[in-house]
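Remarks on the overall topology
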Amino acid sequence: MDKIYDLIILGAGPAGLTAGIYAGRSRLDVLLIEKGSDGGQIAITDEIENYPGAMVEGESGPSLIARMTQQAEKFGVQRARDTIKSVELTGEVKKLVGSKDTYQARTVIIATGAFPKPIGCENEGKFVGKGISFCATCDAAFFEDFEVFVVGGGDSAVEEAMYLTKFARKVTIIHRRDQLRAARSIQEKAFANPKIHFLWDSVVQRADGEELLNTIVVKNVKTGELTEIKADEDDGLFGLFGFIGYNPNSALFEGVVDMDRGYIITDPDMRTNIPGVFAAGDIRVKSLRQVVTATADGAIAATMAERYLEQ
Ligand code: NAP
């Protein structure tokens, strides 16, 4: 594609979509590139309780994201579905080479987010999609009346465990310490839920089964004791959901943009070390990764990209 856009935004999560809304509203010629479906992590989040204003009955990640997408498109943001394979960002015109096309722009906002960390047990790859999952909203229904295990102790693990109780008959949270990291208010709801059980000081060491997952080996990190947990004979299977945090989606920018442990370093105005290249949302070094901070980043990045273009 020969066209040179004012701005290319990479990633259509809350940060990228908000950048699109701001840049589109400022009449910039904007292209938003996304390789999968819109929304990033909130597309797989069932309940959004703390995004200001999101108190509509039944508000979910997908419903909030659908409105953000609509709003961005209303302001004329153009869309491309493509996977970017390489980038040339240092020149005045930035070039992004995708599997379908090559895209050019004077400014770029990187809003590629993060993806779930693997559980880290033996045989994990073999059972992803066959009992192991990282998305309760996507896969909970497969475990209607079955038993499921959730790994992690943060907000995601505990909230998703509560969601899973709507389907599973029993949900056991396996946490590597004897205290949850999740916010107190979230913990209280989980402790009060009779379907939720806890396996403290434990990590999943191995997953097993024939076609589907039906066994896990859990290690007590304090005593070293190994316990084999087998699915109930009548069930023949169970679910294992991993919610132990995220890894940044930044491999494409390694050696190009300054990073700290894979997260892109920016100044408070979302500028990276490369003029005309900005980063927004979970991909950035920051202390709070939430929808509200991602959207704020997106708004700032788009405004700063506009100022850069004016100069
Ligand atoms: P997180 O807060 O980083 O928690 C990760 C959890 O997984 C921790 O409990 C951690 O244990 C555990 N863990 C990490 N590595 C592990 C490993 N290798 N094996 C076993 N356990 C491991 O991640 P998150 O829950 O995904 O949340 C990410 C961010 O999103 C946070 O800022 C969170 O507040 C936010 N969030 C907010 C909401 C909400 O406000 N409603 C909902 C979801 C997420 P330790 O505790 O021992 O470190």
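As a starting point, this report considers the structure included with it.

Conventions used here
- Residues numbered from 1 in each chain as written.
- Predicted model: local features only at pLDDT ≥ 70, side-chain atom pairs only at ≥ 80, totals over all residues.
- Heavy atoms only, no water.
- Helix = DSSP H or I, 4+ residues; strand = E, 2+ residues; numbered from the N terminus.
- Pairing = 2+ DSSP bridges.
- Contact = heavy atoms within 4.5 Å.
- Axes fitted to C-alpha atoms, helices over the stretch in contact; angles between N-to-C directions.
- Near = heavy atom within 4 Å.
- Polar contact = N/O pair within 3.5 Å; in protein donor to acceptor, adjacent residues only side chain to side chain.
- Areas by Shrake-Rupley, 256 points an atom, 1.4 Å probe, with all protein chains shown as cover.
- Nonpolar A, V, L, I, M, F, W, Y, C, P; charged D, E, K, R; others polar.

**Topic: unusual backbone geometry**
Phi at Arg27 is positive, roughly 65°, even though this residue is not glycine. Its place among the elements puts Arg27 in the loop between helix H1 (14-25) and strand S2 (30-34). One non-glycine residue with positive phi stands out, namely Asn123, at about 70°. By the secondary structure assignment, Asn123 is in the loop between strand S7 (114-116) and helix H3 (124-127).

**Quick look at the sheet that holds strand S8 (residues 132-133)**
Read across the sheet, five strands follow the order S8-S15-S9-S10-S11 without closing on themselves; strand pairing throughout is parallel. Both outer strands of the open sheet, S8 and strand S11 (196-199), are each paired with one neighbouring strand and no more. Where helix H5 (residues 155-164) meets the sheet, it contacts strand S9 (147-151), strand S10 (170-174), S11 and strand S15 (239-242), and its direction lies at approximately 170° from that of S9.

**Some thoughts on the site of the ligand**
Neighbouring the ligand are 17 residues, the closest being Asn50, Asp155, Ser156, Arg177 and Arg181. Gly154 is positioned with one of its backbone polar atoms (N or O) 3.2 Å from an oxygen atom of the ligand. In this structure, a nitrogen atom belonging to the ligand sits 3.0 Å away from a side-chain N or O atom of Glu159. Taken by itself the ligand offers 920 Å² of open surface, and the protein chains cover 75% of this. For the shell around the ligand, the leading source of residues is H5, giving three residues. A breakdown of the residues in the shell around the ligand according to their chemical character gives three nonpolar, eight polar and six charged.

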